[in-house]
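Architecture and fold: a report
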Amino acid sequence: MTLKIKDPELYRLIKSFLTNYLPDIRQKSRHTVQAYKDALNLYVLFLEKEKGIDMKDLSVSDFNQKNITAFLHWLQEVRKNESTTINQRLSHIKGFCRYIQKKDLLSFKTYSEICEIAEYKDTRITEFIWLSVEDVKIILSQPDTNKKTGIRDRFFLSLLYESGCRNDEILNLKLKNIILNRKGEPDVHIFGKGNKHRCTPLSKDIVPYFKEYCNLFHPEQGKNEDEFLFYTIRNGIKAQMSQDNVQRFMKKYEELAQSVKKDIPHLHPHLWRRTRAMHLYMAGVPLPLVSEWLGHSSMETTQIYAKATDEMKRQAQKKLEEKEDSVFKDDNAFKYANDETVLKKLAGLE
């Protein structure tokens, strides 16, 4: 039985856009191509769930101002995305619409209307939210480590925090990208935006989580170093863990943590990245090194952490000074504040 597709030309152009135009013509990195793919997949999911349009019935007429505007609202209200994520999805959808307009599949009038859709206001500076050390401890204590998935989730969240990585950077990590040196100190090798490589030091506290995770999920660690660090199994086949999977277990631990401490905010991957940056900044790590740690392409991006209110900085610094806290244990001073070896490594001097 042949599946009847309503608009086969649209499907042909989607494939051409993702497999030829972006990587070959536009020379976009695989991370950028994946971001476009994610945006289109989410748009298809939205049309199916909210508009009742099955994937096989998708047509170019479904790419219009009304639907895309509703899609952005769905991202905000249903998926709880921040404005930065929503604007990124909008940019990618617009990019695809520009492509199909050039191919004479989308009318210039419809494309012009889509271009008029405004970005969502970025409120990160006026509503700058991050997790305290206490919050991180509470969240990391929620996974049930008597279960295999609990051990996985605890390690994933710990690595997300420790590394300051973007969510897609974590999901793209291979087993070989975490290396323990002769002293047992771990580094994570990340290939971020533009396929730029950076090496970020992790604390020894995360090593037991890493080893416990590998014993369960990578028992033949030396033989399968090119496997994705985090994966799921579908129909007996290993596949790279999806962002949706991360969102599902993060929502679970958000609710559990809020039952312990009501004011813990909505959890999403970028919040962990922001939290790591703020903890480093409060501990006295200079902004250029925070920028290096996060893999920012511009110092301007990192400046947002310096714009947090003086009161927030004062309270956070006081907490770190008084408690000398670590998110992993109670008797270890907050790391990296005065660790010259780590700072030199971040600066590329060691």
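Just above, that's the structure.
An account of the accompanying structure is given in this report. (Residues numbered from 1 in each chain as written. Predicted model: local features only at pLDDT ≥ 70, side-chain atom pairs only at ≥ 80, totals over all residues. Heavy atoms only, no water.)

With respect to the overall build of the protein chain
In plain terms, the rule: Only runs of H or I of at least four residues qualify as helices and only runs of E of at least two qualify as strands under DSSP, and these elements are numbered from the N terminus. The cut-offs for exposure are 20% and 50% of the maximum accessible area for each residue type, with area from a 1.4 Å probe on protein chains only; residues under the lower value are buried, those over the upper are exposed, and the others partly exposed. Residue-level accessible areas treat just the shown protein chains as cover; the underlying method is Shrake-Rupley with a 1.4 Å probe.
When its secondary structure is counted, the protein chain shows 15 helices and five strands. A buried classification covers 47% of the 350 residues belonging to the protein chain. Counting every atom, the protein chain has about 18,500 Å² of accessible surface; 48% of that belongs to carbon and sulfur.

Observations concerning unusual backbone geometry
A positive phi is found at Gln27, a non-glycine position, where the angle reads about 55°. In this structure, Gln27 sits in the loop between helix H1 (8-25) and helix H2 (30-51). Even without glycine at this site, Asn235 takes up a positive phi of about 55°. On the secondary structure map, Asn235 appears in the loop between strand E4 (231-234) and strand E5 (237-240). Since its relative accessible area comes to 81%, Asn235 is described here as exposed.

Notes on the packing of helix H3 (residues 65-77) against helix H4 (residues 83-102)
The following threshold applies: To get an axis, fit a line to the C-alpha atoms, keeping to the stretch in contact for a helix; angles then go from 0 to 180 degrees between the N-to-C directions. Here the word oblique covers every angle except those under 35 degrees (roughly parallel), over 145 (roughly antiparallel) and from 65 to 115 (roughly perpendicular). Left-handed is the label given to a crossing in which the near helix is rotated counterclockwise from the far helix by less than a right angle, and right-handed is the label when the rotation is clockwise. Between two residues, a contact is recorded if the distance between any of their heavy atoms is within 4.5 Å. Residue polarity follows a fixed list, in which Ala, Val, Leu, Ile, Met, Phe, Trp, Tyr, Cys and Pro are nonpolar, Asp, Glu, Lys and Arg are charged, and the others, Gly among them, are polar.
Running from N to C, H3 and H4 cross one another at 155°; their axes reach a closest spacing of 10 Å. One element, H3, and the other, H4, form an angle in the roughly antiparallel class. For H3 against H4, the interelement crossing comes out right-handed. Here H3 contributes Ile68, Phe71, Leu72, Leu75 and Gln76 to the contact with H4, which in turn contributes Ile86, Arg89, Leu90, Ile93 and Cys97. Tallied by class, the residues present in the contact of H3 with H4 amount to eight nonpolar, one polar and one charged.

Re the sheet that holds strand E1 (residues 178-180)
Rules: Between any two strands, pairing holds if DSSP finds at least two bridges.
In spatial order, the strands read E1-E2-E3; together these three strands make up an open sheet with antiparallel pairing. Of all the strands in the sheet, just E1 and strand E3 (197-201) have a single pairing partner and so form its edges. On average, each strand axis in the sheet is inclined to that of its neighbour by 25°, with strand direction left out of account. Of the pairings in the sheet, the one linking E1 to strand E2 (residues 186-191) comprises three bridges and is antiparallel in character. What sits directly across from Ile179, in E2, is Asp187.

Worth remembering: the numbers are spatial, not functional.
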